[in-house]
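Spelled out, the chains give:
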Amino acid sequence: MRKGLDLLSHAGRSPALRAGAAATLGAFLFAAAFGVLAWREEAHVPGPVAMPDAVHPAAAPAPRLSPAALDSAEAEVRRELERRAFPGAALAVGIGARTERLAGMGKIGWRESAAPVSPDSTLYDLASVTKPVATATAVLLLAQDGVIRLDDPVRRHLPWFEGQLKDRVTWRHLLTHTSGLPAGANIRGEAPRERVRRILRTRIDEAPGSQVEYTDLGYVALWEAAERAAGEPLPRFLERRVWKPLGMTNTRFLPGQDCTACAPTLRLSTGEPFRGRPNDLLARRLGGVTGNAGLFSTAHDLARFAAMLAGGGELDGVRVLAPETVREMLRQQPGAGRRTLGFVAICPDEPPSEEKPCAKPLAVGHNGWTGTSLWIEPERRAWTVLLTNRSYDVRAPERMARLREESFRHAVVGAPAEALTPDAGEARLGD
């Protein structure tokens, strides 16, 4: 195990965090910040400050979250539901191994006949939350097993990752968006496999490790390389190593258009809802099973995943990741700004920055364009999952900057709200 983890210590410079923050971010921040900081005082267990040492498998039992904080987090989501920002939502909030709030709100669609949201059975298109839950987790398992080393060139397992500078691109570069790949590219080719091959030949203009550029292309390359290293399809690998052991029975790619439990994300030209296939165009054009987007899951299942990470890689006696793997996954990587291995950090008391990591992150996590998010506060092991289909037949305008600011003003004592308001470039948090 250690063989695969002596690896973990180089990356790039300057985080450029992705545009279009998900409609769920403000509600998450309220849930995470309020829930994390409003413990019952008599149960508070101090934790270490440094993120790399923040997740301990043998830590003392986590304190309970304040019921008032949980109620407030849910009320914040319900307010957005009532103004028709999305037809329904599923919320899970917990600390350590405990899920302290699991709630379904509204319906999966706008029609009166639409099914009510169930946090246990309603499947949401996770969009870019696929990156940490599927792709990064698979890569870190391979590193933990000693199959790969994160600072080795990816081309050792992916020879058709061709072009100038490509031989210098490592697994870590791709995980932290420091590979030099552009944010996007023209998707050419008649069939999905041909399109993948063309994407892998996308030109790199910047030296690997020199800057952060949020890119779906890097996670497409990671998926292809990890699948070859694993020697089996990654969905099968992940089901065997992660999802099935954790009891994540409703997590999968491509449930299909006939998935009546899937919340729709688009409306077809016929007027029928589009569901069970990825909203993300790139993922669709690559066949629907890829590293950048397209995973479907429930609030219950993602709560299990988040609780596993909060428990240092173990949940209910089942170990999925080694404690040192989890610490490294949640750590801001040297030279990669606020990027971790699959996630991005939120700073509680610093203006958005393209250049430097958080001195002390409030949380690390990821958003998805469809209206999804998963966030973990590593120091006290609190976490939150929020799933919506805000992209479906949009009924209300975005107001995420305002929601984020209001949430923090009420939730984080001493954190100036003005320091948390995105500038004109928006705080880009991994949609």
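Our subject is the structure that appears above.
Residues numbered from 1 in each chain as written. Predicted model: local features only at pLDDT ≥ 70, side-chain atom pairs only at ≥ 80, totals over all residues. Heavy atoms only, no water.

Looking at the overall build of the chain
1) Next: What the chain contains, in helices and strands, is 12 helices and 13 strands.
2) Next: For the chain, with 431 residues in total, the buried portion stands at 61%.
3) Next: Restricting to contacts in the chain with at least 6 residues of sequence separation, those with at least 24 account for 70%.
4) Next: A total accessible area of about 16,000 Å² is found for the chain, and carbon and sulfur atoms account for 49% of it. (Helix = DSSP H or I, 4+ residues; strand = E, 2+ residues; numbered from the N terminus. Buried < 20%, exposed > 50% of the residue type's maximum accessible area, 1.4 Å probe, protein only. Contact = heavy atoms within 4.5 Å. Areas by Shrake-Rupley, 256 points an atom, 1.4 Å probe, with all protein chains shown as cover.)

Focus: the packing of helix H6 (residues 192–200) against helix H7 (residues 216–230)
1) Next: Contact geometry for H6 and H7: axes closest at 10 Å, N-to-C directions at 115 degrees. Judged on the interaxial angle alone, H7 and H6 are roughly perpendicular. Here the hand of the crossing between H6 and H7 comes out left-handed. The residues of H7 that touch H6, namely those facing Arg 193, Val 196, Ile 199 and Leu 200, are Leu 217, Val 220, Ala 221 and Glu 224.
2) Next: Looking at the contact of H6 with H7, its residues break down into six nonpolar, no polar and two charged. (Axes fitted to C-alpha atoms, helices over the stretch in contact; angles between N-to-C directions. Parallel < 35°, antiparallel > 145°, perpendicular 65-115°, else oblique. Left-handed = near helix turned anticlockwise from the far one by under 90°. Nonpolar A, V, L, I, M, F, W, Y, C, P; charged D, E, K, R; others polar.)

Quick word on the sheet that holds strand S12 (residues 372–377)
1) Next: Ordered in space as S2-S1-S13-S12-S11-S10, the six strands form an open sheet in which the pairing is antiparallel. Across the chains shown, the open sheet's two edge strands, defined by having one partner strand only, are strand S2 (98–106) and strand S10 (344–346). Ignoring strand direction, the axes of neighbouring strands in this sheet form an average angle of 20 degrees.
2) Next: In terms of strand pairing, S12 meets strand S13 (residues 382–388) through six bridges, oriented antiparallel. Within S13, the position partnered with Ile 376 by the bridge is Trp 383. (Pairing = 2+ DSSP bridges.)

Regarding the nonpolar core
1) Next: By size, the foremost hydrophobic cluster in this structure holds 80 residues, and its most contacted members are Leu 150, Trp 171, Trp 243, Leu 309 and Leu 374.
2) Next: Setting aside residues no more than four positions away along its own chain, Leu 374 makes contact with Val 129, Val 133, Leu 302, Phe 305, Ala 306, Phe 343, Val 364, Gly 365, His 366, Thr 384 and Val 385.
3) Next: Among the nonpolar cores identified, the runner-up in size contains 14 residues, and Leu 70, Leu 81, Ala 89 and Ile 95 belong to it. (Core = buried A, V, L, I, M, F, W, Y, C linked by side-chain atoms within 4.5 Å.)

Things to note about H6
1) Next: Residues of H6 that are buried: Arg 195, Val 196, Ile 199 and Leu 200. Down the axis of H6, the sector holding all buried residues measures 135 degrees, keeping them to one side. (Arc of directions from axis to C-beta.)

Things to note about the side chain of Thr 176
1) Next: If you trace the backbone, Thr 176 turns up in the loop between helix H5 (171–175) and H6.
2) Next: Residue Thr 176 is classed as buried on the basis of its relative accessible area of 0%.
3) Next: Here Arg 172 takes part through its backbone oxygen, which lies 2.8 Å from a polar atom of the side chain of Thr 176. (Polar contact = N/O pair within 3.5 Å; in protein donor to acceptor, adjacent residues only side chain to side chain.)

Here we look at the sheet that holds strand S7 (residues 295–297)
Strands in a sheet are paired, the pairing made by backbone hydrogen bonds, and the direction either parallel or antiparallel.
1) Next: Judged by pairing direction, the sheet is antiparallel, and its three strands sit side by side in the order S3-S7-S4 without closing on themselves. On the outer flanks of this sheet lie strand S3 (124–125) and strand S4 (252–253), each paired with one strand and no other.
2) Next: Examined bridge by bridge, S4 and S7 share two bridges and lie antiparallel to one another. Each residue of the ladder has a partner; that of Arg 252, found in S7, is Phe 296.

Quick look at the side chain of Asp 125
1) Next: Mapped onto the elements of the fold, Asp 125 is located in strand S3.
2) Next: One buried charged residue, Asp 125, remains without a salt bridge, the closest side chain of opposite sign being Arg 284 at 7.1 Å.
3) Next: Polar side-chain contacts of Asp 125 include one of 3.0 Å to the backbone nitrogen of Ala 127.
4) Next: In terms of polar contacts, Asp 125 uses its side chain to reach the backbone amide nitrogen of Asn 279, at 2.7 Å. (Lys, Arg positive; Asp, Glu negative; His and termini not counted. Salt bridge = Lys/Arg side-chain N within 4 Å of Asp/Glu carboxyl O.)

What to know about the environment of Leu 81
1) Next: One can find Leu 81 in helix H3 (residues 67–82).
2) Next: Given a relative accessible area of 16%, Leu 81 falls into the buried group.
3) Next: For the pair Leu 81 and Ala 396, spaced 315 residues apart in sequence, the C-alpha separation works out to 9.8 Å.
4) Next: Not counting the four nearest positions on each side in its chain, Leu 81 is found in contact with Phe 86, Pro 87, Gly 88, Met 105 and Gly 106.

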